[in-house]
Amino acid sequence: MINAKDNPFSVDRVLRVRYEPQGISWPELLRRINILDYRCEIVGKCGYGKTTLIEDVAGRLEVTGKKCCRIFTTPDNPVTWVQLKEKLTDEFDIMILDGADHLKWWQWYYLKKLVFARSCGLIVTSHKRGMLPTLYECRTSVHLLRKIVQRLNCQVALDHTLIEELYRAYDGNIRDVLRQLYDMCADGQLVID
Amino acid sequence: MEELNIELKDMKTEYQPGQEISGTVQWNLASQPEKVSLQLLWYTRGKGDEDIGLVDSVEFDNPGQFRNQDFSFTIPAGPYSFSGKLISLIWTLELLAEPQDECYRQEITVSPTGSEIVLKRVKSQYGKKTFKFGSSK
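For clarity, every value in this text was computed on a predicted model and none was experimentally measured. Throughout, residues of each chain are indexed from 1 in the direction in which the sequence is written. Chain letters and ligand numbers both follow the written order, the letters beginning at A and the numbers at 1. Under the rules for a predicted model, residues below a pLDDT of 70 receive no local features and side-chain atom pairs below 80 are neither given nor counted, while totals for whole chains, interfaces and linings still include all residues. Note that water and hydrogens are dropped before the side-chain values are worked out from all heavy atoms of the structure.

## Quick word on the side chain of B:Ser111
All names here are of chain B. Condition: Secondary structure elements follow DSSP: runs of H or I no shorter than four residues count as helices, runs of E no shorter than two count as strands, and numbering proceeds from the N terminus. Any N or O atom pair separated by 3.5 Å or less is treated as a polar contact, with the protein-specific requirement of one donor-capable and one acceptor-capable atom, and with residues adjacent in sequence counted only for side-chain atom pairs. For this analysis, residues touch if any pair of their heavy atoms sits within 4.5 Å.
One can find Ser111 in the loop between strand 9 (102–110) and strand 10 (117–118). Reaching out from Ser111, the side chain makes a polar contact with the backbone oxygen of Ser115 at a distance of 2.6 Å. Ignoring sequence-local partners within four residues, the contact set of Ser111 consists of Tyr15, Gln16, Pro17, Tyr80 and Ile117.

What follows is the structure in structure tokens.
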């Protein structure tokens, strides 16, 4: 058995692996955000990296001097209208909303109206297109999964069969694959560095 | 080059609740810091999100670019240092210099015996679910 703090797939180690946009550079992505007037969406399936990407986008925008207001909402932990209104009293240039498609239709309608009325930007994540102009669609691949696993533990990354099987079993959901690798490591099922 | 260091008295790293933890911190910075502080805290690592508990801290007045400074804290009643499959709880002293954003950590253990408590699997009365893939080990 491997202890939690020594598990190469522990959450703190996974979170250190940041998003690398595929087919576009970071300067180009930021330029696109600017062209879209800071009102756009990041789309993708569960576990495809939307949260990681939007966090990195917010961080890079803050470095340029933009003030970001961050909201994170999930079906298990939904943000209330009271909480949204409270956030709207903050001073910000861009609202970063992770999980926009989890809002009720009227929350989304009024939130968008109020944010735009303030001439602020709004960057969101969603599982489906259509909430705002699409900035980027998160996609995954076996190659991407292998790259991520290699950053966390080279020995595990060498097991190509395992990586491919896990990718298929979890339908490309990299978050769930990494959780499974955590468990397999914890149970001593994997050879690690 | 920025240098920070924490030296524990008698190089002791294992503590029991209620004991004093003391030693000396040293820093040698390339530029004048605005703030140098020492924190006693615990944090978790593992499958879930990180939790942090700041237990005590001291900020050193007029820090200067280099100094040797004594410190002392009292170890609280808990939580104890432990490690299991899903979660580990780790105690640490953290020396921070700002705005350089330099940090030095010295891990310690806290428990009634001074050693980390290792959590072992408890056999469940229910059947265990396993997940196996192809030819993987």
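Past the structure itself, the notes keep going.
## So, the confidence of the model for chain B
Residues and elements named next belong to chain B. Using the following cut-off: The pLDDT score gives, residue by residue, the confidence of the prediction method on a 0 to 100 scale.
Chain-level pLDDT for chain B is 89 on average; 88% of the residues reach the 70-or-more range. Every residue in residues 132–137 scores below 50 in pLDDT, and together they form 16 contacts with partners more than four places removed in sequence or on other chains. In the model output, the complex is listed with pTM 0.84 alongside ipTM 0.78.

## Some thoughts on the layout of surface pockets
All names here are of chain A. Under the convention used in this document: For each structure, a 1 Å grid was placed over the protein atoms alone; sets of points admitting a 1.4 Å probe that cannot get out are labelled cavities, open sets with protein on both sides within 12 Å along at least five of seven lines are labelled pockets, and lining residues have an atom within 4 Å of a point. Grid points are joined across faces, edges and corners, and a volume is the space filled by probe spheres set on the points. When residues are sorted by character, Ala, Val, Leu, Ile, Met, Phe, Trp, Tyr, Cys and Pro go into the nonpolar class, Asp, Glu, Lys and Arg into the charged class, and all the rest, Gly among them, into the polar class.
In this model, the largest pocket occupies a volume close to 1400 Å³. As for the largest pocket, its lining consists of 47 residues, and the residues nearest its centre are Leu15, Thr51, Thr52, Glu55 and Arg175. Looking at the lining of the largest pocket, the elements that each hand over two or more residues are helix 1 (11–15), helix 3 (50–63), strand 2 (68–72), strand 3 (94–98), strand 4 (121–126), helix 6 (142–152) and helix 9 (174–186). Per element, the largest residue contribution to the lining of the largest pocket is six residues, and it comes from helix 3. Split by residue class, the lining of the largest pocket holds 19 nonpolar, 14 polar and 14 charged.

## Quick word on the nonpolar core
Quick note on the threshold: Only buried residues count toward a nonpolar core. Its members are Ala, Val, Leu, Ile, Met, Phe, Trp, Tyr and Cys residues joined through side-chain atoms within 4.5 Å. When accessible area is computed with a 1.4 Å probe and restricted to protein chains, residues below 20% of their type maximum are described as buried, those above 50% as exposed, and intermediate ones as partly exposed.
Residues A:Phe9, A:Val149, A:Leu178 and A:Leu181 are the most contacted members of the largest nonpolar core, which totals 25 residues. Mapped by element, the contributors of at least two residues to this core are helix 6, helix 7 (154–157), helix 8 (160–169) and helix 9 of chain A. Looking at which element gives the most residues to this core, the answer is helix 9 of chain A, with eight residues. In this structure, A:Leu178 is in contact with A:Phe9, A:Val14, A:Ile148, A:Val149 and A:Leu152, ignoring residues within four places of it in sequence. Listed in part, the 24 residues of the second largest apolar core include B:Phe60, B:Phe73, B:Leu89 and B:Ile108.

## Some words on the pairing of strand 3 of chain A
All names here are of chain A. The condition is simple: Here, a strand pair is defined by DSSP locating no fewer than two bridges between the strands.
Judged by how many residues are buried, strand 3 sits mostly within the fold: five of five residues are covered. Two strands pair when backbone bridges link them, and strand 3 and strand 4 are joined in this way by four bridges, in the parallel orientation. Residue pairing in the sheet places Ile96 in a bridge with Ile123 of strand 4.

## What to know about the sheet that holds strand 4 of chain A
Residue and element names in this part refer to chain A. Worth spelling out the cut-off: As a rule, the C-alpha atoms of each element are fitted with a line to give its axis, helices using only the stretch in contact, and angles between N-to-C directions run from 0 to 180 degrees.
On the basis of which strands lie adjacent, the open sheet formed by five strands has the order 2-3-4-1-5 and parallel pairing. Unpaired on one side and paired on the other, strand 2 and strand 5 (134–137) mark the two borders of the sheet. For this sheet, the mean inter-axis angle between neighbouring strands, taken without regard to orientation, is 15 degrees. Where strand 1 (residues 39–43) meets strand 5, three bridges bridge the pair, whose relative direction is parallel. Directly across from Ile42, in strand 5, lies its bridge partner Tyr136. Packed onto the sheet, helix 3 meets strand 1, strand 2, strand 3, strand 4 and strand 5 and runs at close to 165 degrees relative to strand 2.

## A short note on unusual backbone geometry
Residue and element names in this part refer to chain B. The linkage connecting Gly78 with the following residue, Pro79, adopts the cis geometry, with an omega of 0 degrees. Structurally, Pro79 is set in the loop between strand 6 (66–74) and strand 7 (82–83). A cis amide bond links Glu98 to the next residue, Pro99, at an omega of 5 degrees. By the secondary structure assignment, Pro99 is in the loop between strand 8 (87–98) and strand 9. A positive phi angle, near 60 degrees, is found at Asp10, a position not held by glycine. If you trace the backbone, Asp10 turns up in the loop between strand 1 (3–8) and strand 2 (14–15).

## Comments concerning a negative patch on the surface
In plain terms, the rule: In this analysis, a patch consists of residues with relative accessible area above 30% that form no salt bridge, clustered at 9 Å for like charges and at 5 Å for the nonpolar side chains Val, Leu, Ile, Met, Phe, Trp and Tyr. Shrake-Rupley sampling with a 1.4 Å probe provides the accessible areas, and residues are treated as covered by the protein chains on show and by no other component. For this document, the term salt bridge refers to a Lys or Arg side-chain nitrogen within 4 Å of an Asp or Glu carboxyl oxygen. In this charge count, Lys and Arg are treated as positive and Asp and Glu as negative; neither His nor the chain ends contribute. A single reference atom marks each charge: NZ on Lys, CZ on Arg, CG on Asp, CD on Glu.
Taken together, the side chains of A:Glu86, A:Asp90, A:Glu91 and A:Asp93 define an acidic patch exposed on the protein surface. Within the element layout of this structure, A:Asp90 appears in the loop between helix 4 (81–88) and strand 3.

## Re the pairing of strand 3 (residues 20–28) of chain B
All names here are of chain B. Of all nine residues in strand 3, seven are buried; the element is thus mostly enclosed. By the bridge criterion, six bridges tie strand 1 to strand 3 in an arrangement that is antiparallel. Looking at the pairing, Leu4 lines up with Trp27 of strand 3. For strand 3 and strand 6, the ladder comprises nine bridges, and the chain directions are antiparallel. Bridged to Ser22 within strand 6 is Ser72.

## What about a nonpolar patch on the surface?
On the surface, a cluster of nonpolar side chains totalling about 580 Å² of accessible area is made up of A:Trp105, A:Trp106, A:Tyr109, A:Tyr110 and A:Leu114. Tracing the sequence through the fold places A:Trp105 in helix 5 (residues 105–117).

## Overview of the interface of chain B and chain A
Definition in use: Buried area is understood as the total, over both parts, of accessible area removed when two parts are fitted together, assessed with a 1.4 Å probe.
Every contact between the two is made by 21 residues of chain B and, on the other side, 25 residues of chain A. Taking both partners together, chain B and chain A bury about 1900 Å²; carbon and sulfur atoms supply 53% of that area. On inspection of chain B and its partner chain A, the count reaches four salt bridges. A salt bridge links A:Lys5 to B:Glu116, with the shortest nitrogen-to-oxygen separation between them at 2.6 Å. Counting every contact that joins chain B to chain A gives nine residue pairs in polar contact (both at pLDDT 80 or more). Looking at which element gives the most residues to the side of chain B that touches chain A, the answer is strand 8 of chain B, with three residues. Of the residues that constitute the side of chain B that touches chain A, the class distribution is six nonpolar, eight polar and seven charged.

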